[in-house]
Amino acid sequence: FWTLWGWPSGAWTGNCVALARNSALVFPRLARKLRSPLYSVCVFDISPINTNGFVATTEPTSESTYLGSMPPKFGMIAALQGDLDTSDGVGKVYFRQDSSPVILRQAANHINRAFPEDDEVNPIHAVVITWVDVATHEPQNRDGTNKKRNTFQLVIASLETASYAIVLYPRDGIQFSSTPVGDSIAPMHAGFSKGVVQGFLFSRQGPYYRIITDDEASVRALAEGTNAGLRGVWVFEIGTSPYFSNVAPGEVTELPPDSSQQRVLEGYEDAVDVRRPVYPGEELTVSFPSPFEMFQLFSYNFGTCANSGNKCSNFADCKDHTSGYCCHCRPGYYGNGVQCVAEGKPQRMNGKVNGKVYVGNSPTPVEFTSNDLHSYVVVNDGRSYVAISDIPPSLGPSLQPLSALGGVIGWAFALQQPGFKNGFSIIGGVFTRQAEVTFLPGNEKLIIRQEFNGIDEHDHLAVSTTLEGRVPEVPRGSTVQIDRYSEIYQYSNNLVTSSSTRDYVVSLPDGSTETRTYQWRQTITFQSCQHDEASRDVKPTQMLSVDQVFVMYDANNELIRFAMSNKIGDVNGGQPEENPCFTGRHGCDTNAVCRPGQGTQFTCECAAGFNGDGRSCYDIDECREDPQICGSHAICNNQPGTFRCECVDGYQFASDGQTCIEVNRPVDHCEAGSHNCDIPERAQCSYTGGSSYICSCLPGFIGDGRVCQDIDECQPGRCHQDAVCYNTQGSFTCQCRPGYYGDGFYCSTGKTKTQCESHRESVLVARGPRPPVGHFIPQCDEHGAYEPIQCHGSTGHCWCVDRNGQEIPGTRIDHDGGRPPVGPTPRPDVHPLPPGTHLMFAQSGKIEFVPLEGYDMKKDDAKAVLHLPEKVIIGVAYDCVDKMVYWTEISSPSISRASIQGGDPTPVIKTDLDSPEGIAIDHLGRTMFWTDSVKDRIEVASLDGSQRRVIIDSDLVNPRAIITDPPNGNLYWADWNRDAPKIETSYMDGSNRRVLVKDDLGLPNGLTYDPQSALLCWADAGTHKMECMNPALGDRRKVLEGIQYPFGITSHGKNIYYTDWRRDAVVAVDRYAGRETDEFQPLKRTKLYGITTAYAQCPSGQNYCAVNNGGCTHLCLATPGGRSCKCPDHAVAVNCVESDSRY
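As the structure is a prediction and not an experimental result, all values here were calculated from the model.

Undergrad: Help me out: how do you make sense of the state of the cysteines in this one?
TA: Each disulfide consists of one covalent bond between the sulfur atoms belonging to two cysteines. Following the criterion strictly, the structure yields 23 disulfides and no others. Here Cys 714 connects covalently by a disulfide to Cys 725, the sulfurs 2.0 Å from one another. Taking the sign of the torsion about the S-S bond as the criterion, the disulfide between Cys 714 and Cys 725, at about -80°, is left-handed. Here Cys 725 lies in strand E49 (residues 723-728) and Cys 714 lies in the loop between strand E48 (708-710) and E49, a separation of eleven residues in the sequence. Given a relative accessible area of 23%, Cys 725 falls into the partly exposed group. Here Cys 800 stays free of any disulfide, with the sulfur of Cys 798 as its closest cysteine sulfur at 9.3 Å.

Written out as structure tokens, the structure reads:
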């Protein structure tokens, strides 16, 4: 039965007429009528909720009178009104009256948040209407299988004296914002209409309050904006005088920081070291739940195990009930059925922390974004550890009293006393926690909001945390002590609350102490399964006992750490348990369950996924024991206590989440030649992913890319004043007038050598009096310009060049007209590399390679060369001598290597690393160099990890990219320090250090060096440019503008290849043409990190360390024209000799 909300007396009152049964839903008679001096409520025999996205308050007219013609003549509350269709069996409209305390409390929260200055209200009943997957109404012959569908919700919350409308729009956006009306399209509507009002003599259109305009953009903005402080939530007071005629909207239009954007760097969620620095400009990735999750507050679950059982955990069973289905964890696991974890197995939590916190009386907040939070819980004794990185000293000491920042994971996995359950056992891993901390006596307030998003693919509990408010200052150098405390948790339907008052002692640097106090109040909201009565059998109150509390702020590393022991049990304390399973003093392995027996007897049992006697447990490698466990076309990745399946390239998981099915590969129309761009001489086709592409005119042409016309470049000033300009297709030429000499851009009466003549002379003069043998000599025409066709006298190859003498790609042939086996080459005097060269790049959990054919990426042949689950790989480098790939990773900081011809990965350095990032190989001297952006230093070691030596450890802030120039003995690196980014160089021994570039840099993420052209090139994610320079000349020049977010970069001949975080792609750039030529997107769309070129044969060149280690006893480090013999740091050998030599 229903009760509709109250309306003011007057023209809106009187008899209430039922809606005709056309596109409306018909409901049972409403049972109650509310009355007050100002309000009257209509009681309908049938209650009109319309499939077209509105509720009618008086008898509606036919569709033709209001669709596309608003306002209507009848009363209407439009949540999202248009010509909508539910006849296809997919779209549905659900409704109910709900007076449960949880629903009313949630409705009150929305209302009170929307009207913060008003008195707090508490509704007494609510009506909930949800339009689910409704589509536009289209002709019958239209194929509806791929229709766009909208889901939205209207809640009417009523008091005795007021009513409110709460409208909720989906977090994944409004999918369509207009619907067909006859032969036209009309935007959808949202708002409140009073309909036609009958006056004494005449009737008139009553007030119409619109939430949106006639612009479709304003419709789409409903899911992005708010007037109630939460994205997509809109609240309106609709039933009190004097507002009804005008409708009173909510007053909070600003979104909290964590509501507007949630910062997540893919690939780093599985890191376990909290000291990892925040990477520059880490991409802001907005992550919202699906529409049904959006409506957890007012949810419906009419599914069955047959059609929805795959939502249960892999370690749960599904059970049907008359009103829906529920999931139940199997024996040996615990949780809410949707999320299940193995009993006894330690748990990890990873996430990001954002904050805006004022300290003491400071008028300026301390702001931080995307700081790492990591936690570890030994479940079988209740110990939890939490650490948060990059907390500045101005804030860190003052956060020490807030041990409860990580206390929620202590509650979630607390040691359970007999008959009681910890948080995860009851609600699983998907919930929202909000805590309000009030410090006494100053009344400073801090709000802590945490969104727990469940167990991720790496078996870690994912969380996003936001801190906002003010905390009293704890002076630097102070320590904080927190005694044991207890906190009572109260459980109700989908809601957990607790409150307490806590004391803490601050020990000041002068030796004195202060006892301080704060009040703590928290609310945890979650979605439980309402269909199983047994699942509701949770004790209404439980007590969390916390002792052995440890807090510390590490100013040197800017880390704050918390540790505590947690037990959940009876609020009355009860008899103290002596059994070691309940005290935590049992000695079982951390991966074991303690099983209590009689009295103090107990046994230890290894957790699921582990073997052993319970005192010692070791992981079961399910992948090795059952190689077919993941099925066909899948790869098994073992993890502690479990395993993870991943589909091989070209396959993806089916809807069951387990079977790998073949992917319908998109068509690259540019490569297939099925595009509609203009001819290649005038336009370029660029593949943009999927089956999409864009057409663009080449330089010298204008148009939309499908039709391009030549631009007449011969405008005044193009050529020298004493030259004549000749327009050509896509270009132009300049020629000096008779009696003048030059290249047309500069002409003089005295003969000046042209670019071609200077090029030709430099080759001839450099080789002495005899013509050089085996070298390319350019040919110039009678005016000194490059001949359009150039030929190599020794190889027999010919090619076309532009006016600057640069080879035009794709034009190289040999004398008999055939094309060379590999080409084109970047310069006439650079020979093509032999087949077998490929690009190698890092992606989350694996290293992949893409073969190169000439300079083209053979994208269909790309595949993973190494699978490294749970690893966050940053830098990659290749040793062309031993055919080994080296990489750095930060999840467990280390440097490792593996043969690309087969073999297991082998760590070479595992100690004294914090955040190793860039890595480079000297294949001649057999050494490797790397940067550490936490230790702020550059080190060198032998390729086996021995003989480590720090060569640069000063004036570095965020070093990342590093490369070597072995034949010349030079080292180059980039520092993306936001305040002063720079690119530097030194000899390989660290001497002769100097800054190459410091101006007009933003975030220089990647570096590469091309030995053939002697060019150092970099990609900048701050300036969005790619630039190059010759380090010896300092002739900096721009290659490309408008790149999005480059990370790694490498070069091969005329091409530069870089990884892009926003495009999730490897992008090829022709550095001579100054344009992108190709793009490769792996099937797994996650961020790509480092990239390197793996040559089939080592580049030519020698240095003095290449033979007999340069005569050095230990490290041989090349320098220009010599070498430096160095000892490793902390060398204990007495026979190490250091010396420098220059030749």
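Okay, back to it.
Undergrad: Looking at this model, I keep getting lost on the pattern of salt bridges. Mind explaining?
TA: Pairs can form between side chains of opposite charge whenever their charged atoms are close. Within this structure, the stated rule accounts for 42 salt bridges. When the shortest N-O distance is used, the salt bridge between Asp 214 and Arg 210 registers 3.0 Å. Taking the relative accessible area as the measure of exposure, Asp 214 reaches 53% and is therefore exposed. The exposure class of Arg 210 is partly exposed, given its relative accessible area of 28%. Measuring nitrogen to oxygen at the nearest pair gives 3.4 Å for the salt bridge that ties Glu 436 to Arg 521. Linking Glu 436 in strand E28 (residues 430-440) with Arg 521 in strand E34 (residues 513-526), this pair joins segments that are 85 residues apart in sequence. Glu 436 sits in the partly exposed class, given a relative accessible area of 24%. Put simply, Asp 912, Asp 914, Lys 935, Arg 937, Glu 939 and Arg 948 are held in one network by salt bridges that share partners.

Undergrad: What am I meant to see in the packing of aromatic side chains here?
TA: If you walk through the whole model with that rule in mind, you get 22 aromatic pairs. With centroids separated by 5.9 Å and ring planes inclined at 70°, the aromatic side chains of Tyr 209 and Phe 236 adopt a geometry described as edge-to-face. Separated by 27 residues along the polypeptide, Tyr 209 in strand E17 (residues 208-210) and Phe 236 in strand E18 (residues 233-237) bring together distant segments of the chain. When its relative accessible area of 24% is taken as the criterion, Tyr 209 is described as partly exposed.

Undergrad: For this particular structure, what's the right way to read a negative patch on the surface?
TA: A cluster of acidic side chains, namely Glu 117, Asp 118, Asp 119 and Glu 251, defines a negative patch on the protein surface. Within the secondary structure, Glu 251 sits in the loop between strand E19 (248-249) and helix H4 (257-260).

Undergrad: In this structure, what is going on with the sheet that holds strand E75 (residues 1037-1041)? I would like to understand it.
TA: Working definition: the strands of a sheet are paired by backbone hydrogen bonds and lie parallel or antiparallel to each other. Judged by pairing direction, the sheet is antiparallel, and its four strands sit side by side in the order E72-E73-E74-E75 without closing on themselves. Of all the strands in the sheet, just strand E72 (1004-1010) and E75 have a single pairing partner and so form its edges. Each strand axis lies, on average, 20° off the axis of its neighbour in the sheet, ignoring direction. Across five bridges, the pairing between strand E73 (residues 1015-1020) and strand E74 (residues 1025-1029) is antiparallel. Across the sheet, residue Leu 1016 finds its bridge partner in E74, namely Met 1029.

Undergrad: Is there a simple way to explain the nonpolar core in this structure?
TA: Generally speaking, soluble globular proteins have nonpolar side chains that are buried together. By size, the foremost hydrophobic cluster in this structure holds 63 residues, and its most contacted members are Leu 395, Trp 411, Phe 413 and Leu 446. Counting residues per element, this core draws most heavily on strand E35 (residues 541-554), at five residues. The contacts of Trp 411, once residues within four sequence positions are left out, are Asn 422, Gly 423, Ile 427, Phe 431, Tyr 489, Tyr 491, Val 496, Ile 524, Leu 544 and Ile 568. Among the nonpolar cores identified, the runner-up in size contains 31 residues, and Ile 77, Val 93, Phe 192 and Trp 234 belong to it.

Undergrad: What should I look at first to understand the side chain of Thr 151 in this one?
TA: Relative to the assigned elements, Thr 151 resides in strand E10 (residues 150-158). Within the structure, the side chain of Thr 151 is placed 3.0 Å from the backbone nitrogen of Asp 133, a separation counted as a polar contact.

Undergrad: Would you explain the pairing of strand E70 (residues 982-987) in this entry?
TA: Along any regular strand the residues' side chains alternate between the sheet's two faces. Most of E70 sits inside the fold, with six of its six residues counted as buried. Where strand E69 (residues 970-975) lies against E70, six bridges are found, and the strand directions are antiparallel. Bridging across to E70, Ala 974 finds its partner in Ile 983. In this structure, the hairpin formed by E69 and E70 is closed by a connection of six residues. Note that E70 and strand E71 (residues 994-997) share three bridges and pair antiparallel. Within E71, the position partnered with Thr 985 by the bridge is Arg 994. Once E70 ends, the chain turns through six residues before running back antiparallel as E71, passing Gly 990 with a positive phi of about 90°.

What counts, and where the lines are drawn
Residues numbered from 1 in each chain as written. Predicted model: local features only at pLDDT ≥ 70, side-chain atom pairs only at ≥ 80, totals over all residues. Heavy atoms only, no water. Disulfide = S-S within 2.5 Å. Helix = DSSP H or I, 4+ residues; strand = E, 2+ residues; numbered from the N terminus. Buried < 20%, exposed > 50% of the residue type's maximum accessible area, 1.4 Å probe, protein only. Salt bridge = Lys/Arg side-chain N within 4 Å of Asp/Glu carboxyl O. Phe/Tyr/Trp six-rings, centres within 6.5 Å; stacked < 30°, edge-to-face > 60°. Patch = residues over 30% accessible without salt bridge, like charges linked within 9 Å, V, L, I, M, F, W, Y side chains within 5 Å. Areas by Shrake-Rupley, 256 points an atom, 1.4 Å probe, with all protein chains shown as cover. Lys, Arg positive; Asp, Glu negative; His and termini not counted. Charge placed at Lys NZ, Arg CZ, Asp CG, Glu CD. Pairing = 2+ DSSP bridges. Axes fitted to C-alpha atoms, helices over the stretch in contact; angles between N-to-C directions. Core = buried A, V, L, I, M, F, W, Y, C linked by side-chain atoms within 4.5 Å. Contact = heavy atoms within 4.5 Å. Polar contact = N/O pair within 3.5 Å; in protein donor to acceptor, adjacent residues only side chain to side chain.

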